[in-house]
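# Per-entry structural report
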Amino acid sequence: MWWLANPHSLHRVSDRISTVYVEMCHIDRADNAVVFINKERTVRLPAAYVGAIMLGPGTRITHGAVRLLADSGTSVCWVGEHGVRMYASGLGTSRSSGLAVKQARLVSHETLRVGVARRMYQMRFPGEDVSQCSMQQLRGREGARIRKVYADFSRETGIPWQGRRYKAGDAFAEGDPVNRLLSAAHSCLYAACHAAIVGVGAVPSLGFVHSGGALSFVHDIADLYKADYSIPLAFTLAAAGQIDESDARYGMRQRFKDGHFMKQVVKDVVGLLSEGADGDEASFEDAQHSDASNVLWDEDGGVDSGVDWSTNQDFLELRRHGFLAVSGPDVAGVSEESL
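Calculation criteria
- Residues numbered from 1 in each chain as written.
- Predicted model: local features only at pLDDT ≥ 70, side-chain atom pairs only at ≥ 80, totals over all residues.
- Heavy atoms only, no water.
- Helix = DSSP H or I, 4+ residues; strand = E, 2+ residues; numbered from the N terminus.
- Buried < 20%, exposed > 50% of the residue type's maximum accessible area, 1.4 Å probe, protein only.
- Contact = heavy atoms within 4.5 Å.
- Areas by Shrake-Rupley, 256 points an atom, 1.4 Å probe, with all protein chains shown as cover.
- Axes fitted to C-alpha atoms, helices over the stretch in contact; angles between N-to-C directions.
- Parallel < 35°, antiparallel > 145°, perpendicular 65-115°, else oblique.
- Pairing = 2+ DSSP bridges.
- Phe/Tyr/Trp six-rings, centres within 6.5 Å; stacked < 30°, edge-to-face > 60°.
- Core = buried A, V, L, I, M, F, W, Y, C linked by side-chain atoms within 4.5 Å.
- Polar contact = N/O pair within 3.5 Å; in protein donor to acceptor, adjacent residues only side chain to side chain.

### What to know about the overall build of the chain
If you tally the helices and strands in the chain, you get eleven helices and ten strands. Taking all 339 residues of the chain together, 42% fall into the buried category. Sequence separation of at least 24 residues holds for 61% of the intrachain contacts in the chain that already meet a minimum separation of 6. Carbon and sulfur atoms make up 51% of the accessible area of the chain, which amounts to about 18500 Å² in all.

Spelled out as structure tokens, the structure:
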């Protein structure tokens, strides 16, 4: 059962294919593979090597396929056309709440939250010290940086740039080709980041820069990579005349593979939530494989779950300390020799 799955039996998030987008087809199960069937062909894909499957309009999926994906720790996301809007999602590979608890603590403490936000901005300004910048100053610097990124790629590719155009709820309803490509590429980036965040056990809604949305942390993390992935791809495709949204999806998938994106995003997410730790992936894996999951909270840390705790206090002390001392009351007229 997926809720009892040992993390050792699951492929690491960083080793998986990032995302697979599917629309207008039937999805079933064959052994340990998910099968995608439409009028043209049938495609088999091992479930355990996929980070997230994005189910677009016109898809049907069987109970067996969903169960296989859940057992494999693959995120299942129900999305709108072109993968732009996410309506619902399943569980990822994590079986521990440790990172989510740490994230909740960081986002709930103003000083700690600002520290995480500054580390996010620091990743975008290598070699610069932003430790004393206010959030307003950081937003201003980020705005100037991203405008320069757009201008640089416009100049390099010869594609005119008049600014980002996006209609909420229908990203492809308006805008020039490069804007539509940006929308498609960003949606793939959001899906991959969402898969990584859920996969390591973090909470997509608890953002540090963005706030108030169900995907606030997803937007926080995705913003770290737009200048390296989705923005250059959109301008490159537009310059080559490849302006279909599918071109952006295929291009992003290839860039994710070539750049070992899932490995990097897992490391970055864990590092940002580790309060100054180096975000070493091995230490995270060790934490996921520890016995700290599935316990009951206690003032002293945690106690085993699945135990009948209605027993007497003496038994509780025995379990807590490893030994038990028992003494009885004095009885008048009874000597040690008579016992």
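Read on for the rest.
### Remarks on the packing of helix α2 (residues 98-108) against helix α3 (residues 110-124)
At a closest axis distance of 5 Å, the pairing of α2 and α3 adopts a crossing angle of 105 degrees. By the criterion of interaxial angle, the relationship of α2 to α3 is roughly perpendicular. Residues R105, L106, V107 and S108 of α2 form the contact with α3, whose participating residues are E110, L112, R113 and V116.

### Observations concerning the pairing of strand β4 (residues 42-46)
Two elements, strand β3 (residues 33-37) and β4, share five bridges in a ladder whose sense is antiparallel. Along β4, the bridge assignment pairs V34 with L45. Once β3 ends, the chain turns through four residues before running back antiparallel as β4.

### As for the sheet that holds strand β6 (residues 60-61)
Strand order in the open sheet made by the four strands is β4-β3-β2-β6, with mixed pairing throughout. Each of the sheet's edge strands pairs with one partner strand only, and the pair in question is β4 and β6. Where strand β2 (residues 26-30) and β3 come together, five bridges link them in antiparallel fashion. Residue pairing for β3: I27 is matched across the bridge by F36. Helix α1 (residues 63-71) rests against β2, β3 and β6 of the sheet, and its axis sits at about 65 degrees to β2.

### Considering the environment of V209
Within the fold, V209 resides in the loop between α5 (177-200) and α6 (216-222). Overall, V209 belongs to the partly exposed group, its relative accessible area being 27%. Along the sequence, V209 and H219 sit ten residues apart, while their C-alpha atoms lie 8.7 Å from each other. When residues no more than four places from it in sequence are discounted, the contact partners of V209 are A117, M120, Y121 and D220.

### As for the packing of aromatic side chains
Across all of its chains, the model carries ten aromatic pairs by this definition. Their ring planes at 70 degrees and their centres at 5.8 Å tell us that F208 and F217 sit as a pair that is edge-to-face. Given a relative accessible area of 3%, F208 falls into the buried group. Here the aromatic rings of Y225 and Y229 are separated by 6.5 Å at their centres, their planes lie at 80 degrees, and the arrangement is edge-to-face. Per residue, the accessibility class of Y225 equals that of Y229, and both read buried. Among the aromatic residues, those joined into a ring-pair cluster are Y150, F153, W161 and F235.

### Remarks on the environment of E156
Tracing the backbone through its elements, the reader meets E156 in helix α4 (residues 135-157). Sequence separation of E156 and T236 is 80 residues, and the distance between their C-alpha atoms is 9.2 Å.

### Looking at the nonpolar core
Ranked by internal contacts, the top residues of the largest apolar core, which has 51 residues, are C193, F217, I221, Y225, F261, V265 and V269. For this core, the secondary-structure elements that each account for two or more residues are α2, α3, α4, α5, α6, α7 (230-239), α8 (245-258) and α9 (261-272). Here this core gets 13 residues from one element, more than from any other, and that element is α5. What I221 contacts, discounting residues up to four positions off in sequence, is M120, C193, I197, V265, V269 and L272. One finds V34, F36, A47 and I53 within the second-largest nonpolar core, a separate group that totals 15 residues.

### What to know about the side chain of S230
With respect to the secondary-structure elements, S230 resides in helix α7. In terms of polar contacts, S230 uses its side chain to reach the side chain of H186, at 2.9 Å. Excluding residues that lie within four positions of it along the chain, S230 makes contacts with L182, A185, H186, L189, Y225 and M252.

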